[in-house]
Amino acid sequence: MKIAHKGRRETFPLDTPNKAVGAARARDIYLSLLANGWDATLAKFKHPNQAARPLNAGQPCTVGEFLEEICRMTTNQSTFKDYAQAFRQIVSEMFILSNNTLKYDYRTGGREEWLSKVHAINLAEVTPAKVQEWKLSFLAKAGDEPLTLRKARISVNAIIRRARSLFSRRKLRHMTLTLPRPLPFEGVEFETRQSMKYRSEIDVEKLIAHARQELEDNDPEAYKVFLLAVGLGLRRKEIDLLEWSSFRWNENLVRIEPTRYFHPKSEDSIADLPADPELMDIFRKYYAEAKGSFVIRSPRPPLPPRPHQYFRCDPIFDRLVAWLRKHGLHGNKPLHTLRKEYGSLLTRTYGIHAASRALRHADLRTTSEHYSDSTARATPGLGRLLVG
């Protein structure tokens, strides 16, 4: 196979006449290249005899070798990348490799240089004691201001939870590498759980009125993004790659499913979402004027999975985020706040179970952690039997 990446092109032998086996090996090379860069990929797949040492030498592996092995055994690459990113953040900050801009240099090789340094760390050096030290350092940066410290506790728990998932028993049961003992996160405790329940601070009716007045004619693509987020609770990636074929016009449904370009966050993300008839009418008008397969029109093309986030609609998202901030949504993720508002409205009206289904959470606990249940005070209705 021939493969080009970051301005470099190489040929790799696949060493098999079998098409299926060759395709699987090509996939492994491609994923290794995205995760580990040219040097590690060439050493493993093109010049295996030049590798620093065989992986089965009985020595604890490096961070890069561990991530490559986990990547090879993982079917959900999107989830793997998220977990690996969290683990790299911990290792990078732990060994003071993150105090530069290299990891953001995707164009001239800086990112690969940073990755090679992080991946070269021996996994045995990432001890529970050092992880604990990193956690305390992370929290210390927040200072003593209660609100900032609260956010830091939420963040550090999320980072550790994602990184620790790489070391679950299910993921390690087929591992062929020699792993250190103890594993990096053994005995490392989470900070006290902070409440993450969403409490609406916006007047959604007024916000929709402003959107109709200011966006509908002046920026129709941003208006469509707004409607998909607040009216259907779609995630950014789902909006970015939503195609007109997802609309079931006669049923007032929008179907979220895998497509040529879009791969759902999980199987639970696949669903038919009911839509208000008025919302469908608006999009039916847009569909009548559509000139492509994507709902949101953008000059940027869809691209294969990349080592960093890429959205074809980024300029449109940026315009909408600026507009939302102007109208009082000042959090870190104003666009995601619209999805939270959607979930909050469903929870208050129909209860936590209906909201969980519409938000497509894998577990009801996720919904319960972020939304307060219906404010209606339910009773069994037996009072009528106690009078008269």
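For the structure itself, consult the block above.
This is a predicted model, so every value here is computed, not measured.

Trainee: Explain the pattern of salt bridges to me, using residue names and the numbers behind them.
Mentor: A complete count under the given rule lists 15 salt bridges for this structure. Here Glu238 makes a salt bridge to Arg235, at a shortest N to O gap of 2.9 Å. By relative accessible area, which is 3% here, Glu238 ends up buried. What emerges from the salt-bridge pattern is a single network uniting Lys135, Arg153 and Glu191.

Trainee: Please give an account of the packing of aromatic side chains that cites residues and values.
Mentor: Counted according to the given criterion, the structure contains 18 aromatic pairs. Consider the rings of Phe167 and Phe185, whose centres lie 5.8 Å apart with planes at 55 degrees: the pair is tilted. On the criterion of sequence distance, the pair formed by Phe167 in the loop between α6 (146–164) and α7 (169–172) and Phe185 in the loop between α7 and α8 (204–214) is long-range, its members being 18 residues apart. Pairing Tyr261 with Phe294 gives two aromatic rings, centres 5.6 Å apart and planes at 50 degrees, and the pair type is tilted. Of this pair, Tyr261 sits in the loop between β4 (253–256) and β5 (271–274) while Phe294 sits in the loop between α11 (277–288) and α12 (314–326), and the two are 33 residues apart along the sequence. Connected via pairs of aromatic rings, a cluster forms that spans Trp244, Phe247, Trp249, Phe283, Tyr286 and Tyr287. Positioned over the ring face of Phe311 is Arg236, at 5.7 Å from the centre of the ring. The lysine or arginine in question, Arg312, covers the ring of Phe294, its NZ or CZ lying 4.2 Å from the ring centre.

Trainee: Which residues make up empty space enclosed by the protein, and what are the values?
Mentor: Overall, the coordinates contain two cavities of 30 Å³ or more when judged by the stated rule. The volume enclosed by the largest cavity comes to roughly 80 Å³. Around the largest cavity, the lining residues are Glu238, Leu241, Leu242, Glu243, Ser246, Arg255, Ile256, Glu257, Thr259 and Phe262.

Calculation criteria
Residues numbered from 1 in each chain as written. Predicted model: local features only at pLDDT ≥ 70, side-chain atom pairs only at ≥ 80, totals over all residues. Heavy atoms only, no water. Salt bridge = Lys/Arg side-chain N within 4 Å of Asp/Glu carboxyl O. Buried < 20%, exposed > 50% of the residue type's maximum accessible area, 1.4 Å probe, protein only. Phe/Tyr/Trp six-rings, centres within 6.5 Å; stacked < 30°, edge-to-face > 60°. Helix = DSSP H or I, 4+ residues; strand = E, 2+ residues; numbered from the N terminus. Lys NZ or Arg CZ within 6 Å of the ring centre and 35° of its normal. 1 Å grid on protein atoms, 1.4 Å probe; cavity = no way out; pocket = protein on both sides within 12 Å on 5 of 7 lines; lining within 4 Å. Points joined across faces, edges and corners; volume = space filled by probe spheres on them.

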